[in-house]
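Structural characterization, general
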Amino acid sequence: MRIGAITDLHGRMITDVKRIESLQAVDLLVIAGDITHFGDRKAAEQALNILRAINKNILSVHGNCDQDSVNYLLTSMGMNIHNEMKEYTDINIYGVGGCNRSPFNTPQEYDEDEISEILNKFKINADRWSILVSHPPPFNTKVDRTFMGLHVGSKAVRKFIEIRKPDLVLCGHIHEAHGVDRIGDTIVINPGPFPDNIALITIEDSIIYELV
């Protein structure tokens, strides 16, 4: 199983042929939010149609910079995994979009209790690979640290990882914190803002990843 993970498009689209080919080659394309830059359904649809022409198998959550209408679009296109669990081959994929509260009052922010309520409905099946797609990164990691050195990720997401122990977390939100970390045995990847950054993941007997 090959997965391409991208995040924080903010309306930017891919033009590099090699990167397009790398996304064409994956079985599933996962988007960890911020498809638009404060855009609505129309802006998101334009971006998603371009991506769907590259790879038709897409699952996504919204980001904090997407308007609420983007959620409905993702659902209508069969891509939405916010507050949902979907099965794909031998993998269970869970999703939470938006972000925890920030000083910026962006369109889709949630209290930590609201994030917990979404996450707590997800049950990890030990017999299947488990992936959490979360726009907000887990708190106090390499992938939630701002330029100022502040950790601004979600405490609810971190608690879920510590208790439920998914195999892989794909997140975004903090552009400058792209990279990889671990919480226990869970691999946490923030691919970094698209299209300059993509994570390519292979899941077979183990999880192998590459940030390109």
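Residues numbered from 1 in each chain as written. Predicted model: local features only at pLDDT ≥ 70, side-chain atom pairs only at ≥ 80, totals over all residues. Heavy atoms only, no water.

On to the pairing of strand 4 (residues 85-88). Pairing between strand 4 and strand 5 (residues 91-96): four bridges, direction antiparallel. Bridging across to strand 5, Tyr 88 finds its partner in Ile 91. Between the antiparallel neighbours strand 4 and strand 5 lie two residues, among them Thr 89 with a positive phi of about 50°. (Pairing = 2+ DSSP bridges. Helix = DSSP H or I, 4+ residues; strand = E, 2+ residues; numbered from the N terminus.)

With that out of the way, let us pick up the pairing of strand 9 (residues 168-171). Burial along strand 9 is two-sided: the residues Leu 168 and Leu 170 and Val 169 and Cys 171 are all buried. The sheet contact formed by strand 8 (residues 129-134) and strand 9 spans four bridges and is parallel. By the bridge assignment for strand 9, Ile 131 is matched with Leu 168. As for the winding sense of the linkage, the β-α-β connection from strand 8 through helix 5 (residues 155-164) to strand 9 is right-handed. (Buried < 20%, exposed > 50% of the residue type's maximum accessible area, 1.4 Å probe, protein only. Right-handed = clockwise from strand over helix to strand, strands pointing away.)

So, about a nonpolar patch on the surface. Taken together, the side chains of Phe 147, Met 148, Leu 150 and Val 152 present a nonpolar region at the surface, about 500 Å² in accessible area. Note on Met 148: relative accessible area 70%, which makes it exposed. (Patch = residues over 30% accessible without salt bridge, like charges linked within 9 Å, V, L, I, M, F, W, Y side chains within 5 Å. Areas by Shrake-Rupley, 256 points an atom, 1.4 Å probe, with all protein chains shown as cover. Salt bridge = Lys/Arg side-chain N within 4 Å of Asp/Glu carboxyl O.)

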